[in-house]
Amino acid sequence: MKVDRRAFVKLIAGGIGGTLLSPLPWKLADDSAIWSQNWSWRPSPERGEATMVNTVCQLCPGGCGIRVRLINGKRAVRLDGNPNNPLNQGGICPLGATGLQYHYGISRIESPLKQKGTRGEVKTLEPITWDEAVALLAAKLKSLRAQPQGLVCLSGKQNGTVSEFFSRFLEAYGSPNYLTMPAAAQAESLGVFLSQGVRTPLSYDFENARMILSFGADLIEGWGAPCRMMSAFRLWRSKSGSQKTRLVQIETRGSLTASQADEWLAVAPGTEAALALGLAHVIVREKIYDRAFVDNYTHGFDDWTDSQGRRHQGFKSMLLEEYTPARVAEITGVQQEKIVELARNFALTKPALAVSGRGQGKMDGSLYEFLAVLSLNALVGSVHRPGGVSWAVTPPLAPWPKVVQDSTSRNGLRSERLDGSGGPDLPLGGHLLYNFLENVPKGKPYPTKMLWVYEANPAHDLADVNLFVKALEKIDTVVSFSSFMDETTVMADLILPAPTFLERFEDVSGDRGLQYAYFGLSRPVLQPRFECRHPGDVLIKLAKMLGGSVAASFPWDNYEEALQARIQGLAAAPSGRVADEPGLQPWSHLGERLAPNYGSADELWEMLQEHGCWYDTSQSMPSLSSAFKTPSGKFEFYCQALKEAGVTGSDSTYLPHYQPADLPGGKEEYPYLLMPYEVMIIENGPLANQPFMTKMLFDFELKGRDSFVEINPKTAKEVGLREGDRVELTTAIGSVKVRLHLTESARPGVIFIPLGLGHSAFDRYIRGKGANANEVLAVLQEPLTGLASWWGTPVKISRA
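All residue numbers refer to positions counted from 1 along the written sequence of the respective chain. Whole-chain, interface and lining totals are the exception, using all residues; otherwise, since this is a predicted model, local features are given only for residues with pLDDT of at least 70 and side-chain atom pairs are given and counted only at 80 or more. Hydrogens and water are ignored here; the side-chain numbers use all heavy atoms of the structure.

This part is about the overall build of the protein. Numbering of helices and strands runs from the N terminus, with a helix taken as a DSSP run of H or I at least four residues long and a strand as a DSSP run of E at least two residues long. For the protein, the count of helices and strands is 28 helices and 33 strands. The globule rule used here is 2.2 Å times the number of residues to the 0.38 power, and the radius of gyration it is set against is calculated over C-alpha atoms. Over its C-alpha atoms the protein spans a radius of gyration of 26 Å, differing by no more than 12% from the 28 Å that the globule rule assigns to 800 residues. Projecting the C-alpha coordinates of the protein onto the three principal axes gives extents of approximately 70 × 65 × 55 Å. To measure how exposed things are, a 1.4 Å probe is used in the Shrake-Rupley method; for residues, cover is taken only from the protein chains shown. Total accessible area on the protein is roughly 29,400 Å²; 49% of this is exposed by carbon and sulfur atoms. Lys and Arg are tallied as positive, Asp and Glu as negative. Neither His nor the chain termini are counted. Working definition for charges: the position is that of NZ of Lys, CZ of Arg, CG of Asp or CD of Glu. Taking the 82 positively charged and 85 negatively charged side chains of the protein as two groups, their mean positions are separated by 2 Å.

Right, here's the structure in full:
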């Protein structure tokens, strides 16, 4: 029997996929539990009554419902998925299943700490009381108040009321410099604003789609809400005949999603936008687009004349001139016949949707790549329709009182942002962390005096990580709000330990990609183990110590009270229910009103604590006649908002198009391409793997302290290397030592490196295991938007 490359990859990657979607990981977890009997910090409950309580996981942005098994109401011994939660349907991911190890683990911070020696030295971090810590921070804030714009906050969370609390504090204090970590939602929000006039990420109705084109989004390896996507995958595979959902994965690497897809197209690196436009070319040329949608609800499809009488090129003529299948085949490496076949299938399968993004969606991405993929949805009429894409739906939380501003805060807020966002060079706005990091050493446009970091670990998680480390040298004071001793927290001057998600109130407001409104509530099911405080309570205390308008902006006694105030908006909404029964399928009721199953805000608060989440389907699909807030009142292929923002250029500037990446480093010196990838069993966020997750890694992923990169056997042969060899990877910004795993799932000429390993902090169970890919990955910034990505870096390889 002939085993071609495709079949081989199916065999290997399919095996991995089957493993993750089977009970095997949980058997390994059981084995790990036996193996870990001698850990001093292992929970050892006394015998007693067992109960289950519901809450919501906060270990990733997914916000899945979980159940905590308690002994005598005070010792947690297991986490399960909550079957009543419509998001995860009782499922739980590896990260969530190991959640108790974060709570009971040894990398928890036990009290506030003050750096008494050199920044970065753990031994000179000295415990102090909370009164001392808050008084110290309040005194520094008072001393900086004359120049409030020097305060910066970097949040690891894109949404939620705790993040809003931090943003609110900066506004009241007088700083415009609230930032978030990079995420694909940034390109999405900007692209939706330019094409539809509303600044929000997209939602994807995966459950009702019959065909899905994924341009690099690793849908079943941690993208969006991981358990929601695994449930959707099971739903796709449960259908048959004409109802079957077809998944096509367009990705350079043979990922888990690629192995489980109905078809995998291994495109050349960084050419996804070109392929999307090539498909659009075929759909337009063969006139198989949704003519009713394009004619009635879009602008800029045909060539057009503006009010000044100037003629402009439209999307149609650009496609037909520049993105022929022959040219696109040359760019992407996908055969012309396949491009034509895929375009026809996508246009004629109803409903179908296309989704962009790389891996789990933890980099900003490219505006034009997003617009190219979004244009496919518009051509086939899958915008604001079931089975297609729409806006992210936010729950109707009640607004807090308006922030009180004094003259100092008003003056500070008028300052240019430190990341240049919204300024003359980057008028489109957004959170541009890399611009901030480049400006800090220059003191441009003014010095950064104090940096707060909330549940983020940029000292490990950012590509070209030394940019962050060097920026810290120019910042007077760094404050960490974290539960764990991560790499960033180690470098802080003041550490304010936060409770874990099992010890505090916190919400999940909306979810990336979800097509209905969702609000999840975490509640304290355990008493805090250590001297930690809720960040929201710390901010309220600080505000009251500062007094004046800052104190007036925080009128609550504690964060719980502030959160309850917002719940009143849900209670007042005419539609929405607390999820209190298993088997709920909100995607089957999009657009329908749901009769509330509570009578008051107090009753809703109690039910949320008992069951964990609220949802509503009534606002899922806006009317096409009123959906678009653009200058034309329609979906704009030709984005006039760019022109209104002051962006100048030829017509192609305002249309989705493909731009080859200008990768750093010469081809002669760095002949190969290094591409990062993510897997669900390696945490790539503010946390680090706990022992149960690390135990699930294969020997060709992590062996001892060595991590592996994937390389094609042909590439390895070119440089005289074999399976397991130790090598050094060198890029223009640094080098790391790893070992080789030879696999046909790696494209020749490309080396794939996993993200999430190589920690220098946390605990002895993960510290020093593997290489941190971010030490060698270079960042690409889109000149027009400032958005950052690090999908590919030229590299050379040598024997270590």
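Ranked by internal contacts, the top residues of the largest apolar core, which has 109 residues, are Leu729, Ile751 and Ile797. In terms of residue count, the dominant contributor to this core is strand E25 (residues 672–677) (five residues). For Ile797, the residues in contact, after removing those within four places along its chain, are Tyr672, Ile711, Val719, Leu721, Val727, Glu728, Leu729, Leu740 and Ile751. Definition used in this section: a nonpolar core is a set of buried Ala, Val, Leu, Ile, Met, Phe, Trp, Tyr and Cys residues joined via side-chain atoms within 4.5 Å. Relative accessibility decides the category of a residue: with a 1.4 Å probe and only protein chains considered, values under 20% of the type maximum give buried, values over 50% give exposed, and everything between is partly exposed. Judged by nonpolar contacts, the second largest core, of 93 residues, contains Phe215, Phe293, Ala343 and Phe370. The criterion used for residue contact is that any of the two residues' heavy atoms lie within 4.5 Å.

Bringing the side chain of Glu678 into the picture now. Here Glu678 is to be found in the loop between E25 and helix H27 (691–695). Note on definitions: salt bridges are taken to be side-chain nitrogens of Lys or Arg within 4 Å of carboxyl oxygens of Asp or Glu. Of the buried charged residues, Glu678 lacks a salt bridge, with Lys362 as the closest side chain of opposite charge at 4.1 Å. Of the polar contacts made by the side chain of Glu678, one reaches the backbone nitrogen of Gln360; its length is 2.8 Å. We call two N or O atoms a polar contact when they sit within 3.5 Å, provided that within protein one can donate a hydrogen and the other can accept it, with sequence-adjacent residues counted only if both atoms are side-chain atoms. At 2.8 Å, the side chain of Glu678 and the side chain of Asn684 are in polar contact.

Side-chain rings of Phe, Tyr and Trp, where Trp is taken by its six-membered ring, are said to pair if the distance between their centres is within 6.5 Å; with planes under 30 degrees apart they count as stacked, over 60 as edge-to-face, and otherwise as tilted. Enumeration over the complete set of coordinates arrives at 32 aromatic pairs. Here Phe165 and Trp400 contribute two aromatic rings whose centre-to-centre distance is 5.2 Å and whose plane-to-plane angle is 65 degrees, an arrangement assigned as edge-to-face. Remark: Trp400 occurs in the loop between strand E16 (389–391) and helix H16 (407–413) and Phe165 occurs in helix H6 (residues 161–173); sequence separation between them is 235 residues. A single burial state applies to Phe165 and to Trp400, both of which are buried. Between Phe293 and Phe628, the ring centres sit 6.5 Å apart and the planes meet at 75 degrees, which makes this aromatic pair edge-to-face.

To continue, consider the sheet that holds strand E4 (residues 113–115). Between any two strands, at least two bridges found by DSSP are needed for them to pair. Taking strand neighbours across the sheet as the criterion, the seven strands line up as E5-E4-E19-E18-E17-E6-E7 in an open arrangement whose pairing is mixed. At either end of the open sheet lies a strand with only one pairing partner, and these are strand E5 (125–127) and strand E7 (178–180). Taken together, the five bridges between strand E6 (residues 151–155) and strand E17 (residues 450–454) define a ladder with parallel strand orientation. The partner of Cys153 across the bridge, within E17, is Trp452. Note on definitions: angles span 0 to 180 degrees between N-to-C directions of axes, and those axes are lines fitted to C-alpha atoms, for helices only across the stretch in contact. Lying over the sheet, helix H5 (residues 130–144) contacts E4, E6, E17, strand E18 (477–481) and strand E19 (494–495), oriented at roughly 135 degrees with respect to E17.

A complete count under the given rule lists 30 salt bridges for this structure. Notably, a salt bridge pairs Lys316 with Asp302, separated by 3.9 Å at the nearest N-O pair. Here the residue Lys316 occupies a position in helix H12 (residues 315–322), and Asp302 occupies one in the loop between strand E12 (298–299) and strand E13 (304–305), the gap between them amounting to 14 residues. With relative accessibility at 29%, the residue Lys316 sits in the partly exposed group. Residue class for Asp302 comes out partly exposed when judged on its relative accessible area of 42%. We note a salt bridge from Asp706 to Arg739, for which the minimum N-O separation is 3.6 Å. Of the two residues, Asp706 is situated in strand E27 (residues 706–711) and Arg739 in strand E29 (residues 734–742); the sequence distance between them amounts to 33 residues. Arg739 carries the same exposure label as Asp706, and that label is buried. A cluster of three or more residues bridged by salt bridges with shared partners is formed by Lys157, Glu455, Arg504 and Glu506.

What follows covers the packing of H5 against helix H21 (residues 535–546). Two numbers describe how H5 lies on H21: the axes approach to 10 Å, and their chain directions differ by 55 degrees. Of the possible angle classes, the one that applies to H5 and H21 is oblique. For the pair H5 and H21, the sense of crossing is right-handed. The residues of H21 that touch H5, namely those facing Trp130, Val134, Ala135, Leu137, Ala138, Leu141 and Lys142, are Val538, Lys541, Leu542, Met545 and Leu546. For the contact of H5 with H21, a count of residues per class yields 10 nonpolar, no polar and two charged. Note on terminology: angles under 35 degrees are roughly parallel, angles over 145 are roughly antiparallel, angles of 65 to 115 are roughly perpendicular, and the others are oblique. Helix crossings get a hand from a simple test, with the near helix turned counterclockwise from the far one by less than a right angle marking a left-handed crossing and a clockwise turn marking a right-handed one. Throughout, the ten residues Ala, Val, Leu, Ile, Met, Phe, Trp, Tyr, Cys and Pro are labelled nonpolar, Asp, Glu, Lys and Arg are labelled charged, and all others, Gly among them, are labelled polar.

Read from one edge of the open sheet, four strands run E11-E10-E9-E15, paired in parallel fashion. The open sheet has two edge strands with one neighbour each: strand E11 (263–265) and strand E15 (352–359). Taking each pair of neighbouring strands and ignoring which way they run, the sheet shows an average axis angle of 20 degrees. Packing against the sheet, helix H10 (residues 272–285) makes contact with strand E9 (211–217), strand E10 (246–250), E11 and E15, and its axis sits at approximately 155 degrees to E9.

Think of a patch as exposed residues, more than 30% relative accessible area, with no salt bridge, where like charges cluster within 9 Å and nonpolar side chains (Val, Leu, Ile, Met, Phe, Trp, Tyr) cluster within 5 Å. Taken together, the side chains of Asp580, Glu581, Asp602, Glu606 and Glu610 present a region of like negative charge at the surface. Looking at the element boundaries, Glu610 is found in helix H24 (residues 601–611). The partly exposed category is assigned to Glu610, whose relative accessible area is 48%.

Next up on the list: unusual backbone geometry. Of note, the bond from Lys350 into Pro351 is cis; its omega dihedral lies within 30 degrees of zero at -10 degrees. One can find Pro351 in the loop between helix H14 (336–348) and E15. With an omega dihedral of -5 degrees, the bond running from Lys444 to Pro445 counts as a cis peptide bond. On the secondary structure map, Pro445 appears in the loop between helix H17 (433–439) and E17. Although it is not a glycine, Glu455 adopts a positive phi angle of roughly 45 degrees. Assignment of secondary structure puts Glu455 in the loop between E17 and helix H18 (458–461). Look at Phe762: it is not a glycine, yet its phi comes out positive at around 65 degrees. Within the secondary structure, Phe762 sits in the loop between strand E30 (750–754) and strand E31 (780–781).

Further remarks concern the pairing of strand E23 (residues 613–616). Of the two faces of E23, the one carrying Cys613 and Tyr615 and the one carrying Trp614 and Asp616 are both buried. Judged from the four bridges that link them, strand E21 (residues 517–522) and E23 form a sheet pairing that is antiparallel. Directly across from Phe519, in E23, lies its bridge partner Trp614. Of the strand pairs in this sheet, strand E22 (residues 577–578) and E23 are connected by two bridges, and their pairing is antiparallel. Its bridge partner lying in E23, Val578 is registered against Trp614.

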